[in-house]
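The chain contents come next:
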Amino acid sequence: MSFPPQIKVPATYMRGGTSKGAFFRLQDLPEACQVPGEARDKLLLRVIGSPDPYEKQIDGLGNATSSTSKTVILAAPTQPDHDVDYLFGQVAIDKPFVDWSGNCGNLTAAVGAFAINSGFVAKERIPENGICTVRIWQANIQKTIVAHVPITNGEVQETGDFELDGVTFPAAEVKIEFMDPADGEGSMFPTGNLVDDLDVPGIGTLKATMINAGIPTIFLNAEDIGYKGTELQNDINSDPKALAMFETIRAHGAVKMGLIKDVAEAANRQHTPKVAFVAKPADYVSSSGKQINAADIDVLVRALSMGKLHHAMMGTAAVAIATASAIPGTLVNLAAGGGDRTEVTFGHPSGTLGVGAEAKEVNGEWTATKAIMSRSARVIMEGWVRVPGGTF
């Protein structure tokens, strides 16, 4: 019996923010995978090493966390005044499923550099030294993102002294602007309320801020679900009952937000919405052993991604945090002390992060003009990724 040999696909493995993923140019994918569908999903699943019942992704590039089970495809821009189209695929670890329903804000930090290195940005727009502004069309959510990428001697500058909690080593700072981050197809608050009573069978009625900015997110008060807001990953991820509770909340919140019609559909939409819980500032020790003082933060936030507590904070959820904190009366804003604010520093399991947002009320509807944060990114490996023939 003969077996087809492995095939080689040009790829780059990059860190962006507190995530890692496999980056591809659309034109480099096998022809059958250059269009959305089963062939593309099968290819990306095999690249990352999913589905893996052992949940280790030993036979692929994934590292067995939602932060590292990610893929990115860049293509020529379909929108005027943009440099590149950016499509993100969140790969499930133990299921044969790629979720295309949202963006990855962390990997956005690497998109600008990859776009420059891959020839998507016109050479005349790249300075010899300075900052290159890369105009990104986020194809999953149909939004514009602007990345400000440092350039030295005509090349992307990756090394530097910018420190990002959740990332061990310093690197060059990349500033990211998420333009008009709210859902353009409806209200930023899908229910029309800044705070809702969310009825969750078996759990109770919870106060919730459900916002669609950056990524659909359900914010809860930590104390309402028995937490302090200082929890680290193991405190929740080692507790099956807690994870089941959060998934139940997420499913019912998704229905209330109009993202799905029935809670059963949530299993096929794992990437969105996110669930997060907030609390007033308190002292705690981060996962790296760093002392975080209440006086140095405005609010505590913990968020779940793909069914597990995130080790730091998803970039898109940071956009939601920034936007919600800028709107008086949301649970995030109230936990941060209330009032008007354009910046917030929040504590997460790995440390702290400062983000900014601009929001305004027009005819009774809240809108966000942009959210801003700093991240870093670098190429880890580039060349080809191999996948067994017959994969797709």
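Residues numbered from 1 in each chain as written. Predicted model: local features only at pLDDT ≥ 70, side-chain atom pairs only at ≥ 80, totals over all residues. Heavy atoms only, no water.

K.L.:
Explain the overall build of the protein here, please?
P.N.:
Assigned secondary structure in the protein consists of six helices and 21 strands. A compact globule built from 392 residues would reach a C-alpha radius of gyration of about 21 Å, and the protein, at 20 Å, matches this within 12%. Among the 392 residues that make up the protein, the fraction classed as buried is 53%. Once local pairs closer than 6 in sequence are excluded, the contacts in the protein between residues at least 24 apart make up 64%. When the accessible area of the protein is evaluated, it comes to approximately 16600 Å², of which 50% is carbon and sulfur surface. Seen as two clouds, the 33 positive and the 44 negative side-chain charges of the protein have centres 4 Å apart. (Helix = DSSP H or I, 4+ residues; strand = E, 2+ residues; numbered from the N terminus. Rg over C-alpha atoms; globule rule 2.2 N^0.38 Å. Buried < 20%, exposed > 50% of the residue type's maximum accessible area, 1.4 Å probe, protein only. Contact = heavy atoms within 4.5 Å. Areas by Shrake-Rupley, 256 points an atom, 1.4 Å probe, with all protein chains shown as cover. Lys, Arg positive; Asp, Glu negative; His and termini not counted. Charge placed at Lys NZ, Arg CZ, Asp CG, Glu CD.)

K.L.:
Honestly, the side chain of histidine 271 in this entry has me stumped. Any pointers?
P.N.:
Residue position: histidine 271 is located in the loop between helix H4 (240-256) and strand E13 (274-279). Assessed through its relative accessible area of 2%, histidine 271 is described here as buried. Residue contacts for histidine 271: discarding those within four places in its chain leaves Phe88, Gln90, Asp99, Ser101, Gly102, Asn103, Ile215 and Met306.

K.L.:
Any chance you could explain helix H5 (residues 315-325) here in plain terms?
P.N.:
Think of an α-helix as turning once every 3.6 residues; residues three or four places apart then point the same way. The buried count for H5 comes to eleven of eleven residues, which makes it a mostly enclosed element. Residues of H5 that are buried: Gly315, Thr316, Ala317, Ala318, Val319, Ala320, Ile321, Ala322, Thr323, Ala324 and Ser325.

K.L.:
Sorry if this is basic, but what is going on with the packing of aromatic side chains here?
P.N.:
Aromatic ring pairs are described here by two measures, namely the spacing of the ring centres and the angle between the planes. The tally for this structure, following the rule as stated, stands at four aromatic pairs. Between tyrosine 227 and phenylalanine 246, the ring centres sit 6.0 Å apart and the planes meet at 15 degrees, which makes this aromatic pair stacked. A residue pair is termed long-range when its members are at least 10 positions apart, and tyrosine 227 in the loop between strand E12 (215-221) and helix H3 (233-237) and phenylalanine 246 in helix H4 qualify at 19 residues. The pair formed by tyrosine 227 and phenylalanine 246 is uniform in burial state, with each residue classed as buried. Here phenylalanine 246 and phenylalanine 277 contribute two aromatic rings whose centre-to-centre distance is 5.7 Å and whose plane-to-plane angle is 15 degrees, an arrangement assigned as stacked. Linking phenylalanine 246 in helix H4 with phenylalanine 277 in strand E13, this pair joins segments that are 31 residues apart in sequence. Per residue, the accessibility class of phenylalanine 246 equals that of phenylalanine 277, and both read buried. Put simply, the rings of Tyr227, Phe246 and Phe277 pair up and form one aromatic cluster. (Phe/Tyr/Trp six-rings, centres within 6.5 Å; stacked < 30°, edge-to-face > 60°.)

K.L.:
Just to check I follow, could you spell out unusual backbone geometry for this structure?
P.N.:
Residue proline 51 is bonded to the preceding serine 50 through a cis peptide linkage, with omega at 0 degrees. Along the chain, proline 51 turns up in the loop between helix H1 (38-48) and strand E3 (70-75). Residue threonine 272 is joined to proline 273 through a cis peptide bond whose omega torsion reads -5 degrees. By the element assignment, proline 273 lies in the loop between H4 and E13. For alanine 64, which is not glycine, the phi torsion reads 65 degrees and is therefore positive. Within the secondary structure layout, alanine 64 lies in the loop between H1 and E3. The backbone of aspartate 180 shows a phi angle near 45 degrees, a positive value even though the residue is not glycine. Its location among the elements puts aspartate 180 in the loop between strand E9 (174-179) and strand E10 (196-200). For aspartate 180, a relative accessible area of 39% translates into the label partly exposed.

K.L.:
Please clarify how the pattern of salt bridges should be interpreted in this entry.
P.N.:
Any two side chains of opposite charge can pair, given that their charged atoms come close. Under the defined criterion, the tally for this structure stands at twelve salt bridges. Arginine 25 is the salt-bridge partner of aspartate 28, the closest N and O atoms lying 2.9 Å from each other. For aspartate 28, a relative accessible area of 23% translates into the label partly exposed. The partner of arginine 135 in a salt bridge is aspartate 83, with the nearest N and O atoms 3.2 Å apart. Linking arginine 135 in strand E6 (residues 130-138) with aspartate 83 in the loop between E3 and strand E4 (84-91), this pair joins segments that are 52 residues apart in sequence. Within this structure, Asp83, Arg125 and Arg135 form a network of salt bridges that share partners. (Salt bridge = Lys/Arg side-chain N within 4 Å of Asp/Glu carboxyl O.)

K.L.:
Just to check I follow, could you spell out the side chain of serine 69 for this structure?
P.N.:
The residue serine 69 is located in the loop between H1 and E3 in this model. Assessed through its relative accessible area of 0%, serine 69 is described here as buried. Sequence-distant contacts of serine 69, that is, excluding residues within four places in its chain, are made with Lys20, Ile48, Ser50, Gln57, Gly89, Gln90, Val91, Ala92 and Ile93.

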